[in-house]
Amino acid sequence: MKYEVPIGPIHPALKEPIMLRFTLEGERIVDVDVIASQNHRGIEWIGMNRNNPVQSIYLAERICGICNFCHPSCLVMAVEEIAGIESPERAEYIRVIQGELERIHSHLLWAGVAAHELGFDSLLHYVWVVREKVMDILELVNGNRVTKAIIMYGGVRRDIKEEHISKIKEMLEYYKQAFSKLAKLFLEDKTIKMRTREIGILPYEEAIKLATVGPTTRASGVKKDVRQDMPYFAYPDFEVKAITPDMLTGETIGDTYDRIVVRLLEVKQSIEIIEQALENMPKGDILAEPKIIKVINQIKKSEGEAVGRYEAPRGEDIHYVKLREGFEYLYAWKVRAPTYINILSWRPMLLDMQIADIPIVAASIDPCISCTNRVIVVKGTEEKILTAEELHKLSVQKTRRLRR
Amino acid sequence: MISKAFKRALWVFHVNSGSCNGCDIEIIAALTPRYDVERFGIRLVGSPRHADVIAFTGPVTSDMADKVRRIYEQTPDPKVILVVGSCGISGGVFHESYHLDGPIERIIPEAKCFYVPGCPPRPEAIIQGVIKAWEYLEEVEKK
C-alpha cells in the first residue's frame, strides 16, 4: 500500500522552510516532490524597484547569510563588466582570500550539520569549535562575524593589514592540524561509513543530465569548477583543479560519503589557495574609485547586459544583470543560486532509500533554501501547475521582453 | 541561589520564517561549545508543544504567516517570543517587499516579544535576549 508523508515546511530536521512530500511503500521511498516558495522575499524585485546598485550589494549579501560573499561578488562581477570598472590587483587577491575563508567556514558548518543529521552530536560540537577559528579571522578582517560588507564595485572596502596576515597564517596552521583529525573522524569512523556509503547515490549520467553543480556534481566524478573552467578575480594565478573523490579514495561512487570526501578536500585546497595568495599579494590600492557617488553615476550612465559566474561553496552561482542608461536601479536582475539546480537531484538520490536516510541525503547536497526561492506564480487564489511546454513558452516570452 | 537559577531551563523552538540563514547559524553557534548555552539547560527542542520560548528569525513571508500563527498557538503558556535579527523587527533590508506579511508583531499582536537587533546579531546578544526572556518568565511565575 502506498501512503504519503509530508515533511516541512517547519520540521526539526529541516533548518529552513521547505516542504517535501514523500510517497512510500512500507519503508521504501517511491516518489519525492519538493514544494518551495516559503522563503521567497522578493529580493530581485527590490533590486529592480527600490535600491540603487550600491545598496543592492548589501541586499545581495542577504540572499543567503552563509554564502554572503559569493552573491554580492557575482552581482559586482556582472555590473563591473557592463560599466567597464576594473579593480586593482590587490583587491582581486583580497577577494580570493575572502572567498576561500568563506568556503572553509561554509564547509565546516556543513560538516557539523551532516554529523547532527546522523545523530553524531559530539562531532557537531567538535566541528563547530574548529569553525570558530575562521569566524574569529572573519571578524578581525571584516568587523563582523557573518555578513562581511567588504566587496564594492571596483575593489574591496577593507584592506588585509600586516598584523592580520600573521593571525591568518596562525589560523592556517591550526587548520592543517585539525584537518587530519577531522579526516580521521569523518572518513574512518565505522558509523559514519555505514550510514553514508552507498546511500543517496547520484550516478555520473544523472549528474550530467540534471546539470548539478559544485561538490554535489564533483562527488559524482564530473570535473566541473568555475575556478578551473572560467577563472575570475585573481584565480588564474592559482591553477585550481576540480576535486573528485577518487583523489583520496581511488574510486568514485557518487554517494553521500563521496560528498563528504570532496568537501573535506576542498577545505584543504582553500587553505593552500589562501597561503599562496598571502605570499603573492601585490601592494597598491584596494579601490578603483573611493567616491561612491561617482561609482553610482558611472553605473547609471552605462548600458548593456552581463552574467556573473562564481564558484560558491555550494556550486556555481549565476547573476544576470541588465542596465539601462539613465535608469536608477538595476534594469533586470536574475539570481540562479546553486541549490536551485542541486535540489532536483534529491529525487534520484532518495528513490529506493529508507525514511531514516532522508535527513542525511537531503543535507548531503548542502541545501540553502534561502538562496533558492526566487520564482513564484500567483494569480488570485487559483492554483495552477505549469507543464514543461508552458514553462518554455513563458521563458521565451520573458527573453523577448528583456531583449526589447 | 543555584537551584533557583536552574529552576527554569528554557527550551527553545526555532522557526525560520524566511530568514537568510545568518541568524540561524548564529543561534547554532550560541549552542555549540564556544558560547555553550546548553550548560544553562537552554536547548533547542523539536516541537513547539515542549517549548517555553519560540525563537523567530526572518521577516515572515506571506507563505509562512499562517504557520507562524499556528506555532504560537500550539506553544503552552507561559510563553515568550524571541525575535532574532533586524528583519523580524522591521522587515530589515526586505521591507516594502511584496511577499512579506511581517514583522512578527503584526501577525501575533498579543504576544510578549523580546527583540535582538542586528544583522545578524552576535551569539552574545542572542544569549542576552534569552536571559531577558528568562527573567520575565520568572516574574510571571512569581505572580
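Residues numbered from 1 in each chain as written. Chains lettered and ligands numbered in written order. Predicted model: local features only at pLDDT ≥ 70, side-chain atom pairs only at ≥ 80, totals over all residues.

Asks: I would appreciate a short explanation of the confidence of the model for chain B in the present structure.
Replies: In regions of low pLDDT, the predicted coordinates are not meant to be interpreted in detail. For chain B, the average pLDDT comes to 86, and 94% of its residues sit at 70 or higher. As a predicted assembly, this complex carries a pTM of 0.89 together with an ipTM value of 0.89. (pLDDT = per-residue confidence, 0-100.)

Asks: Where do I start with the domain arrangement of chain A in this structure?
Replies: Examined at the domain level, chain A breaks down into domain 1 (43-364) and domain 2 (378-404). Computed from C-alpha atoms alone, the centre-to-centre distance between domain 1 of chain A and domain 2 of chain A is 31 Å. (Domains from an automatic or database assignment.)

Asks: How do you make sense of the sheet that holds strand β2 (residues 19-25) of chain A when you look at a structure like this?
Replies: Whenever strands of a sheet pair, they do so through backbone hydrogen bonds, lying parallel or antiparallel. All names here are of chain A. The strand order across the open sheet formed by 3 strands is β1-β2-β3, and the pairing between neighbours is antiparallel. What marks the edges here is a single partner per strand, and that holds for β1 (2-7) and β3 (28-35). On average, each strand axis in the sheet is tilted by 20° relative to the strand beside it, whichever way the strands run. As paired elements, β1 and β2 share 6 bridges and run antiparallel to each other. (Pairing = 2+ DSSP bridges. Helix = DSSP H or I, 4+ residues; strand = E, 2+ residues; numbered from the N terminus. Axes fitted to C-alpha atoms, helices over the stretch in contact; angles between N-to-C directions.)

Asks: What is the right way to look at the sheet that holds strand β7 (residues 315-323) of chain A in this model?
Replies: Residues and elements named next belong to chain A. Spatially, the 3 strands line up as an open sheet ordered β6-β7-β8, and their pairing is antiparallel. The outermost strands of the open sheet, each flanked by one partner alone, are β6 (304-312) and β8 (332-336). Neighbour-to-neighbour, the strand axes of this sheet turn through a mean angle of 10°, independent of strand direction. Pairing of β7 with β8 involves 5 bridges; the strand directions are antiparallel. Each bridged residue has a counterpart across the sheet, and for Val321 the counterpart in β8 is Trp333. Running over the sheet, helix α3 (residues 70-83) touches β6 and β7 and is turned about 150° from β6. (Contact = placed C-beta atoms within 7 Å.)

Asks: What should I look at first to understand the environment of Ser220 of chain A in this one?
Replies: All names here are of chain A. Tracing the backbone through its elements, the reader meets Ser220 in the loop between α9 (214-218) and α10 (226-229). Given 28 C-beta atoms within a 10 Å radius, Ser220 is considered buried. Sequence separation between Ser220 and Leu202 is 18 residues; the distance between their C-alpha atoms is 6.3 Å. Residues in contact with Ser220, not counting those within four places in the same chain, are Leu202, Pro203, Tyr204, Ala207 and Gly254. (Buried ≥ 20, exposed ≤ 12 C-beta atoms within 10 Å, placed from the backbone.)

Asks: Teacher, can you tell me more about the interface of chain B and chain A here?
Replies: When the parts come together, some accessible area is lost, and that loss is often what is quoted as the size of the interface. Each partner contributes to the interface: chain B provides 31 residues, whereas chain A provides 33 residues. Those elements giving two or more residues to the side of chain B that touches chain A turn out to be β1 (11-16), α2 (22-31) and α3 (62-74) of chain B. At 5 residues, the largest contribution of residues to the side of chain B that touches chain A is made by α2 of chain B. Looking at the side of chain B that touches chain A, its residues break down into 14 nonpolar, 10 polar and 7 charged. (Nonpolar A, V, L, I, M, F, W, Y, C, P; charged D, E, K, R; others polar.)

Asks: Looking at this model, I keep getting lost on α2 of chain B. Mind explaining?
Replies: Residues lying three or four places apart along an α-helix face the same way, a consequence of the helix completing one turn every 3.6 residues. A large share of α2 of chain B lies buried, amounting to 9 of its 10 residues. Gly22, Cys23, Asp24, Ile25, Glu26, Ile27, Ala29, Ala30 and Leu31 of chain B are the residues of α2 of chain B that are buried.

Asks: Whenever I open this one, helix α4 (residues 89-117) of chain A confuses me. Can you help?
Replies: All names here are of chain A. In this model α4 runs 42 Å from its N-terminal to its C-terminal C-alpha over 29 residues, within 8% of the 42 Å that 1.5 Å per residue would give. Taking burial as the measure, the 29 residues of α4 include 27 buried ones, the bulk of the element. Remark: Gly119 follows α4 within two positions and exhibits a positive phi of approximately 85°. (Expected span 1.5 Å × (residues − 1).)

Asks: Looking at this structure, how should I read the nonpolar core?
Replies: Buried together is how nonpolar side chains tend to be arranged in soluble globular proteins. If you look at the biggest cluster of nonpolar residues, it comprises 145 residues, and the most contacted ones within it are Ala114 of chain A together with Val53, Ile54, Phe56, Leu82 and Val84 of chain B. Looking at this core element by element, the count peaks at 14 residues for α4 of chain A. Aside from chain neighbours lying at most four places away, what touches Phe56 of chain B is Val15, Ser17, Val68, Ile81, Val83, Val84, Gly88 and Ile104 of chain B. (Core = buried A, V, L, I, M, F, W, Y, C linked by C-beta atoms within 7 Å.)

Asks: Hey, could you run me through the packing of α4 of chain A against helix α5 (residues 121-142) of chain A in this one?
Replies: Helices that pack against each other are described as a pair by the angle of their axes relative to one another and the distance between those axes. All names here are of chain A. Where α4 meets α5, the closest approach of the two axes is 8 Å, and the angle between their N-to-C directions is 165°. Between α4 and α5, the angle falls in the class roughly antiparallel. The handedness of the crossing between α4 and α5 is left-handed. Contacts from Leu101, Ile104, His105, Leu108, Leu109, Ala111, Gly112, Ala115 and His116 in α4 reach Asp121, Leu123, Leu124, Val127, Trp128, Val130, Arg131, Val134, Met135, Ile137 and Leu138 in α5. Its residues assigned to classes, the contact of α4 with α5 shows 15 nonpolar, 3 polar and 2 charged. (Parallel < 35°, antiparallel > 145°, perpendicular 65-115°, else oblique. Left-handed = near helix turned anticlockwise from the far one by under 90°.)

Asks: Help me understand the pairing of β2 of chain A in this model?
Replies: Put simply, side chains in a regular strand alternate between the two faces of the sheet. Residue and element names in this part refer to chain A. In terms of strand pairing, β2 meets β3 through 7 bridges, oriented antiparallel. Following the sheet pairing, Phe22 is matched in β3 by Val32. The turn joining β2 and β3, which pair antiparallel and follow one another in sequence, is formed by 2 residues; a positive phi near 65° is taken by Gly26.

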